[in-house]
Amino acid sequence: MALARVTAQDASNTGATSSPASATYPSTPTQGNLLVAVAVAAGGTTNEASMSITSAGWTKAVGGAISASSGVQIWYKVAGAGESTTVTLTASGSPTACRLAIYEYDGFVGTPTLDKTAAGVADTGVTSMSTGTTATTTAAAEALVAAIGINNTPAGISWTNSFATILAASRILTGERIVAAAAAYETTASWTTAAGAIGILATFKDVVTAVQRGIGGIGGGLSLPSTGAVAVGGVL
């Protein structure tokens, strides 16, 4: 099965005006799937460092500051047994806007694993923003998630490099691409009305153990990414 977003599980909270803010998956996520959250907070004395997903087990992949009082982040985790459907964003500094979008990706044979990240350079009064360019990814098949924190409600959205919009709402813009070759990746999003913005990008690969791939007789901490390349001692 190819990597893919479970579109029926898309959920967001794009109207919260204070912290904490939560979004809820429509159904319990499937154990072993990749869960991704994109968070934006702004206003008051909030900054990117003051934001976090406080639900259990989530890890920040990458973040960026739109300004001294606003930020955007991508978080992720592997869904566990009986995974909670609710994801919560907390931000200190009395934010006046908290935005949260959550996604689920399936098609992983092994363990969904963060591979590479990138962040662009924040700017004001712009109608486009780059995510920055990742280092070369280490697997062929990967799920790429892009996020733009923006100080307006973007319209007339377009992306470069074959990315597609998932969500465009007040202060938050998300996009994705599923790739089949290792490379350095970047995308630039464009919109119609100038605003301050910052872009970030995270890529996720499938790390498959020898046992999971069904090639018995290989042991000693050996693991394989989805390309079939061998990584010794669990180092990919």
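If you're wondering where the values come from, they're calculated on a predicted model, not measured in any experiment.

What counts and what doesn't
Residues numbered from 1 in each chain as written. Predicted model: local features only at pLDDT ≥ 70, side-chain atom pairs only at ≥ 80, totals over all residues. Heavy atoms only, no water. Pairing = 2+ DSSP bridges. Helix = DSSP H or I, 4+ residues; strand = E, 2+ residues; numbered from the N terminus. Axes fitted to C-alpha atoms, helices over the stretch in contact; angles between N-to-C directions. Buried < 20%, exposed > 50% of the residue type's maximum accessible area, 1.4 Å probe, protein only. Contact = heavy atoms within 4.5 Å. Salt bridge = Lys/Arg side-chain N within 4 Å of Asp/Glu carboxyl O. Core = buried A, V, L, I, M, F, W, Y, C linked by side-chain atoms within 4.5 Å. pLDDT = per-residue confidence, 0-100.

Chemist: Any chance you could explain the sheet that holds strand β8 (residues 86-91) here in plain terms?
Modeler: Strand pairs in the sheet, formed through backbone hydrogen bonds, run parallel or antiparallel to each other. The antiparallel open sheet is built from three strands, whose spatial order is β3-β8-β5. The outermost strands of the open sheet, each flanked by one partner alone, are β3 (21-24) and β5 (51-53). Averaged over all pairs of adjacent strands, the angle between their axes in this sheet comes to 15 degrees, without regard to strand direction. Judged from the three bridges that link them, β5 and β8 form a sheet pairing that is antiparallel. Bridge pairing in β8 places Met 51 opposite Ala 91.

Chemist: Help me out: how do you make sense of the environment of Pro 112 in this one?
Modeler: With respect to the element layout, Pro 112 can be found in strand β10 (residues 111-119). We classify Pro 112 as buried; its relative accessible area is 4%. Counting along the chain gives 49 residues from Pro 112 to Asn 161, while the straight-line C-alpha distance between them is 23 Å. Apart from the residues within four sequence positions on either side, Pro 112 is in contact with Gly 32, Asn 33, Leu 34, Val 78 and Lys 205.

Chemist: Is there a simple way to think about the pattern of salt bridges in this case?
Modeler: Any two side chains of opposite charge can pair, given that their charged atoms come close. Under the defined criterion, the tally for this structure stands at five salt bridges. Of the charged contacts in the structure, one is a salt bridge between Lys 60 and Glu 48, with a shortest N-O distance of 3.0 Å. With Lys 60 in strand β6 (residues 59-67) and Glu 48 in the loop between β4 (34-42) and β5, this pair connects stretches of sequence that are 12 residues apart. When the shortest N-O distance is used, the salt bridge between Glu 83 and Lys 77 registers 3.0 Å. Taken together, the shared-partner salt bridges in this structure form one network comprising Arg 5, Asp 10 and Glu 176.

Chemist: Would you explain the nonpolar core in this entry?
Modeler: Nonpolar side chains tend to gather and get buried jointly when the protein is soluble and globular. Among the nonpolar cores identified, the biggest contains 26 residues, and Val 38, Ile 74 and Tyr 105 are the most heavily contacted of them. Among the elements of the structure, β4, β6, β7 (70-78), β9 (97-106), β12 (141-150), β14 (164-169) and β16 (188-209) are those that each provide at least two residues to this core. In contact with Tyr 105, not counting residues within four places along its chain, are Ala 4, Arg 5, Val 6, Asn 33, Leu 34, Val 36, Ala 143, Val 145, Ile 166, Glu 176 and Ile 178. Core analysis: the next-biggest nonpolar cluster, separate from the first, contains 20 residues, Ala 21, Val 87, Ala 91 and Cys 98 among them.

Chemist: Please clarify how the confidence of the model for the protein should be interpreted in this entry.
Modeler: Close inspection of predicted coordinates is inappropriate in any region flagged by low pLDDT. For the protein, the average pLDDT comes to 91, and 90% of its residues sit at 70 or higher. Under a pLDDT of 50 for its full length, residues 215-224 has, in the predicted model, 25 contacts with residues more than four places off or in other chains.

Chemist: For this particular structure, what's the right way to read the side chain of Thr 137?
Modeler: In this structure, Thr 137 sits in the loop between β11 (123-130) and β12. What Thr 137 contacts, discounting residues up to four positions off in sequence, is Asp 115, Lys 116, Glu 142, Ala 181, Ala 182, Ala 183, Tyr 185 and Thr 203.

Chemist: So what exactly am I meant to see when it comes to the pairing of β16 here?
Modeler: Of all 22 residues making up β16, 17 are buried, and the element is well covered by its neighbours. As paired strands, β10 and β16 are joined by seven bridges and run antiparallel to one another. What sits directly across from Ala 119, in β16, is Ile 200. Across five bridges, the pairing between β11 and β16 is antiparallel. When the sheet's bridge partners are listed, Asp 123 is paired in β16 with Ala 197. Both β12 and β16 contribute to a ladder of nine bridges, which runs antiparallel. Within β16, the residue paired with Ile 150 across the bridge is Ala 197. Across two bridges, the pairing between strand β13 (residues 158-159) and β16 is antiparallel. Looking at β16, one finds that Ser 158 is bridged to Ser 190.

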